[in-house]
Amino acid sequence: MTSILGKDLVGLEHLTREQITAILDTAEPFKEVSERAIKKVPALRGKTIVNLFFEASTRTRISFEFAEKRLSADTVNVQSAGSSVSKGETLVDTARNLEAMRIDMVVIRHGSSGAAQFLGDRIRSNVINAGDGKHEHPTQALLDLLTLRDRLGRIEGLKVCIVGDVLHSRVARSNIWGLTRLGAEVAVCGPPTLLPSHVEELGVRVFRRVEEAIEWADALNVLRLQLERMQAGFIPSLREYNRVFGVTTEKLARAPKELLILHPGPMNRGVEIDSDVADGEHSVILPQVTNGVAVRMAVLYLLAGGAPDWAAAGGDAQ
Amino acid sequence: MSLQLFRGGRVIDPSQRLDDVTDLLVRDGRIADTGRDLGNPDGATIVDATGLVIAPGLIDVHVHLREPGQEDRETIATGAASAAAGGFTGICAMPNTDPVIDNQAAVGFVKARGVAAALARVYPIGCISLGQRGEQLAEFGEMVAAGAVAVSDDGHPVMSSQLMRTALEYAKVFGIPVADHCEDTPLAHGGAMHEGIVSTRLGLKGIPAAAEEIHVARDCILAELTGGHIHLCHMSTRGSVELIRRAKEKGLSVTAEAAPHHFTLTHERCEGYDTNAKMNPPLREAEDRDAIRAALADGTIDCIATDHAPHHYDAKEREFDDAPNGIIGLETALSLALRELVAPGLLSLSTLIDRMSCAPARLWHLDGGSLRRGGVADLVLFDPAGSWTVDPARLRSRSRNTPWGGEVLPGVVHATMVGGRTVHQRTP
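Residues numbered from 1 in each chain as written. Chains lettered and ligands numbered in written order. Predicted model: local features only at pLDDT ≥ 70, side-chain atom pairs only at ≥ 80, totals over all residues.

Peer 1: I keep staring at the overall build of chain B and nothing clicks. Help me out?
Peer 2: Along its length, chain B carries 13 helices and 18 strands. Relative to its length of 428 residues, chain B is compact, with a C-alpha radius of gyration of 21 Å against a globular reference of 22 Å. With the C-alpha coordinates aligned to their principal axes, the bounding extent of chain B is approximately 65 × 45 × 45 Å. Of all 428 residues assigned to chain B, the portion counted as buried reaches 61%. Nonlocal contacts in chain B, meaning residues at least 24 apart in sequence, comprise 75% of its contacts between residues at least 6 apart. (Helix = DSSP H or I, 4+ residues; strand = E, 2+ residues; numbered from the N terminus. Rg over C-alpha atoms; globule rule 2.2 N^0.38 Å. Buried ≥ 20, exposed ≤ 12 C-beta atoms within 10 Å, placed from the backbone. Contact = placed C-beta atoms within 7 Å.)

Put into structure tokens, the structure is as follows:
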């Protein structure tokens with residue numbers, strides 16, 4: 001079976017508008033599966049999936065695992081602190097060993113940009129990128145897109161600003177590709193020390209001040225600020241970051257219209273986002289998490305060669 | 001007495017403004033004569049060079065031969081074989097081996113290995129600082145006495161301006177260049193490729209052009225302060241070219257080299273995380289590549305040097321961030337120069353021979369680089385119209401890390417001779 005997504009899902013950069021829309025559409029019926037008493041469909045029965053996590057992750061790993069289990073796949077979790085290099089085995093050896101075990105799919109999270117593609121190029125199994133270095137985190141962006149579409153009814157023409165540490169963010173890159181591909185206007189806002197060089201060439205506008213971004217946007221996607229960034233000298237202090245770039249109730253109160261607030265998590269409350277914003281009525285942070293399972297089910301299902309219309313019919317028979 | 005007569009070749013020697021279809025006579029390893037119709041001297045071996053270019057053997061002032069210490073990647077013998085296959089008769093070995101070449105015994109070892117291999121003249125480069133630690137000067141005098149032709153901490157930029165000043169002043173005593181790897185370490189820290197739109201897309205940490213240019217500017221200023229000879233390694237940015245041009249206008253003793261990959265490839269080559277596109281300095285933008293080409297044409301950059309950097313295939317078969325920098329270059333350099341510089345008309349064949357042979361010999365005071373009567377018969381015979389396919393497994397280097405595998409390149413080296421002795425002969 002050939003999948004409409006190709007063999008692997010490494011990122012959104014090279015997906016078409018139709019492919020992205022197909023994933024979002026396929027996720028719709030899978031949302032319902034998670035609301036059932038018996039949260040299981042047989043779509044991936046007999047498939048074996050390895051969740052290969054070289055970086056600590058709670059939410060993404062659990063979300064993938066639920067998605068796999070609700071599709072009836074057999075799953076194994078491999079967690080490894082640090083990179084494969086510090087473990088002593090190279091990624092190519094890991095890949096060969098997985099191949100030798102005849103697995104069907106690998107979900108990989110790795111600290112090095114390009115690791116998912118590296119693996120995908122070397123094994124026959126489907127590879128799904130669950131975050132590679134500063135490169136891409138496609139399923140996160142897909143769940144962000146699904147959440148925006150749920151709440152605002154469309155993506156085309158929406159104004160979305162990604163706020164914070166864009167430089168080190170794979171979430172930002174995947175969002176930029178996904179949003180622009182579906183016709184949204186995208187902006188980034190953050191300290192210039194944390195914006196990548198030539199970012200405008202990705203088709204985004206840049207706001208220096210978060211107040212301007214709030215005035216412009218329909219939705220803000222607020223990125224987590226890694227605490228190491230302060231030690232590395234990118235910003236002087238977390239307090240100042242919160243004051244200048246933090247999304248606070250006071251700043252939102254001055255907005256001409258209501259904004260949707262997204263955050264990929266985990267949050268640093270009081271740093272990039274204030275608690276009353278995170279817990280407030282415009283926050284869709286928990287619906288994002290719910291959608292994460294549905295979107296990942298859709299990706300797994302489509303990569304396995306599933307047809308979008310079967311999922312739409314309820315996915316109970318195959 | 002041995003006599004060899006090369007007949008009918010196009011003899012190119014920019015050192016005496018010679019570019020003519022003519023004969024060349026070699027007697028006992030030295031150039032005896034050039035001229036039309038040298039007849040048929042008694043006992044001479046006749047070599048029909050019709051259709052071939054005969055030029056002084058190529059000289060590369062920047063190679064990594066990995067011996068001692070990393071013989072799984074290259075040895076002095078395999079590196080010299082690679083040089084001979086690429087038309088090089090002289091190569092200067094960078095001292096960042098394991099252990100590093102920072103004393104006369106180590107210099108003597110490299111020299112002796114080169115002599116034993118007898119495939120190219122191997123010139124050791126000594127360290128600037130002991131252990132390449134950037135603290136205390138190595139013994140330049142002792143190393144020069146053992147055969148060192150230059151000093152460099154290549155791989156490690158000399159960040160201390162005080163140490164660089166001292167090195168430039170002290171090196172004057174021995175008339176040797178101080179070759180610097182220009183990179184502002186904190187500014188480049190952790191970078192895996194050129195900082196630009198491609199690094200942004202790939203999510204790789206970038207090395208800004210400024211990291212090189214700041215260092216180039218400083219070195220030029222120190223050359224002015226000291227009057228010493230600074231040689232700037234592997235220049236990669238248009239800004240560096242501009243700085244060198246200004247330094248030369250001032251008459252400073254500044255020389256520079258550029259690598260084939262920097263006049264051929266750009267940062268887009270890193271797409272797909274191809275680790276054979278990972279080098280330091282990194283592949284830059286098209287404007288930088290074009291500036292390097294123009295600088296080689298007008299002489300702002302004096303010479304082509306490969307920065308031949310062998311790595312075991314395992315080492316390159318990994319995540320981009322973790323892969324080592326560099327590619328092998330000795331066997332593809334001439335072909336790439338023909339394709340990228342000569343074919344588009346940027347450099348004449350004669351200027352190319354200057355940049356790859358005469359200039360390095362002249363600036364670094366090395367043998368060869370000329371076909372003048374009485375000089376050593378270090379020669380390359382190549383067919384500029386021929387072509388070959390790069391098969392990494394068939395290269396003479398012990399390593400295969402080349403981005404040009406599978407490509408058809410112009411220019412076939414038919415023979416390489418060192419001191420009149422054939423060290424490489426094309427197998428038909």
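Let us keep going from here.
Peer 1: Help me out: how do you make sense of the overall build of chain A in this one?
Peer 2: Broken down by element type, chain A carries 14 helices and nine strands. C-alpha extents for chain A along the principal axes are approximately 55 × 45 × 35 Å. A buried classification covers 49% of the 318 residues belonging to chain A. The long-range share in chain A, meaning contacts at least 24 apart out of those at least 6 apart in sequence, stands at 76%.

Peer 1: For this particular structure, what's the right way to read the interface of chain B and chain A?
Peer 2: Accessible area lost upon the coming together of the parts is a frequently used measure of interface size. Taken residue by residue, the interface counts 16 residues in chain B and 21 residues in chain A. The biggest single contributor to the side of chain B that touches chain A is helix H6 (residues 197-202) of chain B, with three residues.

Peer 1: Looking at this model, I keep getting lost on the packing of helix H6 (residues 138-152) of chain A against helix H7 (residues 170-181) of chain A. Mind explaining?
Peer 2: Relative orientation and spacing of two packed helices are given, respectively, by the angle between their axes and the distance between those axes. All names here are of chain A. Look at H6 against H7: their axes get within 8 Å of each other, and the N-to-C directions meet at 55°. For the element pair H6 / H7, the angle class is oblique. Both H6 and H7 take part in a crossing whose hand is right-handed. Residues Pro138, Gln140, Ala141, Leu142, Asp144 and Leu145 of H6 form the contact with H7, whose own contacting residues are Val171, Ser174, Asn175 and Gly178. (Axes fitted to C-alpha atoms, helices over the stretch in contact; angles between N-to-C directions. Parallel < 35°, antiparallel > 145°, perpendicular 65-115°, else oblique. Left-handed = near helix turned anticlockwise from the far one by under 90°.)

Peer 1: Honestly, the sheet that holds strand E9 (residues 150-152) of chain B in this entry has me stumped. Any pointers?
Peer 2: Either a parallel or an antiparallel arrangement is found when strands of a sheet pair, and the pairing is made through backbone hydrogen bonds. Residues and elements named next belong to chain B. One open sheet accounts for eight strands, arranged E6-E7-E8-E9-E10-E13-E14-E15; its pairing is parallel. The two strands at the open ends of the sheet, each matched to only one other strand, are strand E6 (58-63) and strand E15 (303-304). Relative to E15, strand E14 (residues 254-258) runs parallel, the two sharing two bridges. Within the sheet, the bridge partner assigned to Glu257 lies in E15 and is Cys303. In this fold helix H2 (residues 104-117) packs onto strand E7 (88-93) and strand E8 (121-126), with an angle of close to 170° to the strand it touches most, E8. (Pairing = 2+ DSSP bridges.)

Peer 1: Please explain unusual backbone geometry as it appears in this structure.
Peer 2: Glycine aside, residues mostly have negative phi angles, and peptide bonds mostly take the trans form. All names here are of chain B. With an omega of 5°, the peptide bond running from Asp98 to Pro99 counts as cis. As for its placement among the helices and strands, Pro99 is situated in the loop between E7 and H2. Phi at Arg66 takes a positive value of approximately 70°, unusual for a residue other than glycine. Assignment of secondary structure puts Arg66 in the loop between E6 and helix H1 (76-85). Judged by C-beta crowding, with 27 C-beta atoms within 10 Å, Arg66 ranks as buried. Residue His365 is not a glycine yet carries a positive backbone phi of 55°. Within the secondary structure layout, His365 lies in the loop between helix H13 (349-364) and strand E16 (379-389). Take His365: there are 14 C-beta atoms within 10 Å of it, and that puts it in the partly exposed class.

Peer 1: I keep staring at the environment of B:Ile327 and nothing clicks. Help me out?
Peer 2: Residues and elements named next belong to chain B. Along the polypeptide, Ile327 turns up in the loop between helix H11 (313-316) and helix H12 (333-342). On a C-alpha basis, the gap between Ile327 and Glu287 in space is 22 Å, while along the polypeptide they are 40 residues apart. Non-local contacts of Ile327, meaning those with residues more than four positions away in its chain, are made with His261, Asn276, Met279, Ala309, Asn401, Thr402 and Pro403.

Peer 1: What is the right way to read the packing of helix H1 (residues 17-33) of chain A against H6(A) from this model?
Peer 2: Residue and element names in this part refer to chain A. Where H1 contacts H6, the axes come no closer than 10 Å and their chain directions differ by 70°. Between H1 and H6, the crossing angle belongs to the class labelled roughly perpendicular. With respect to the hand of their crossing, H1 and H6 are arranged in right-handed fashion. For the pair formed by H1 and H6, the contact residues are Ile23, Leu24 and Ala27 on the first element and Leu142, Leu145, Leu146 and Arg149 on the second. Looking at the contact of H1 with H6 residue by residue, the classes come out as six nonpolar, no polar and one charged. (Nonpolar A, V, L, I, M, F, W, Y, C, P; charged D, E, K, R; others polar.)

Peer 1: Teacher, can you tell me more about the nonpolar core here?
Peer 2: Here is a general trend for soluble globular proteins: nonpolar side chains tend to be buried in one another's company. Counting residues in each nonpolar core, the largest one holds 230 residues, and the members touching the most others are A:Val163, A:Leu220, B:Ala80 and B:Val151. Element by element, the count of residues in this core is highest for helix H13 (residues 285-303) of chain A, at 10 residues. (Core = buried A, V, L, I, M, F, W, Y, C linked by C-beta atoms within 7 Å.)

Peer 1: What should I look at first to understand the sheet that holds strand E4 (residues 126-132) of chain A in this one?
Peer 2: Residue and element names in this part refer to chain A. Ordered in space as E2-E1-E3-E4, the four strands form an open sheet in which the pairing is parallel. Two strands close off the open sheet at either side, each with one partner strand: strand E2 (74-79) and E4. Along the sheet, successive strands turn relative to each other by an average axial angle of 15°, direction set aside. Bridging between strand E1 (residues 48-53) and strand E3 (residues 105-110) involves five bridges; their strand directions are parallel. By the bridge assignment for E3, Phe53 is matched with Arg109.

Peer 1: What am I meant to see in the pairing of E7(B) here?
Peer 2: Every other side chain in a regular strand lies on the same face of the sheet, so the side chains alternate between the two faces. Residues and elements named next belong to chain B. Here E7 lies mainly inside the structure; six of its six residues are buried. Taken together, the four bridges between E6 and E7 define a ladder with parallel strand orientation. Across the sheet, the residue bridging to Ile59 is Gly90, located in E7. Handedness of the E6-H1-E7 crossover: right-handed. Bridge count between E7 and E8: four bridges; the pairing is parallel. Bridge pairing in E8 places Gly90 opposite Arg121. (Right-handed = clockwise from strand over helix to strand, strands pointing away.)

Peer 1: Please clarify how H2(B) should be interpreted in this entry.
Peer 2: Owing to its 3.6 residues per turn, the α-helix aligns residues three or four sequence positions apart on the same side. Residues and elements named next belong to chain B. In this model H2 runs 20 Å from its N-terminal to its C-terminal C-alpha over 14 residues, within 8% of the 20 Å that 1.5 Å per residue would give. Inspection of H2 places Gln104, Ala106, Val107, Val110, Lys111, Arg113, Gly114 and Ala117 among the buried residues, and these make up the whole buried set. Looking at the buried side of H2, the elements it contacts are H1, E7, E8 and helix H3 (140-145). Ala118 occupies a position one or two residues after H2 and carries a positive phi of about 55°. (Expected span 1.5 Å × (residues − 1).)

Peer 1: Help me out: how do you make sense of the environment of A:Leu152 in this one?
Peer 2: All names here are of chain A. For Leu152, the location among the structural elements is in helix H6. Overall, the presence of 16 C-beta atoms within 10 Å leaves Leu152 in the partly exposed class. Distance from Leu152 to Glu89, taken between C-alpha atoms, is 46 Å for residues 63 residues apart in sequence. If we skip the residues at most four places from it in the chain, Leu152 touches Leu158, Asp218 and Leu260.

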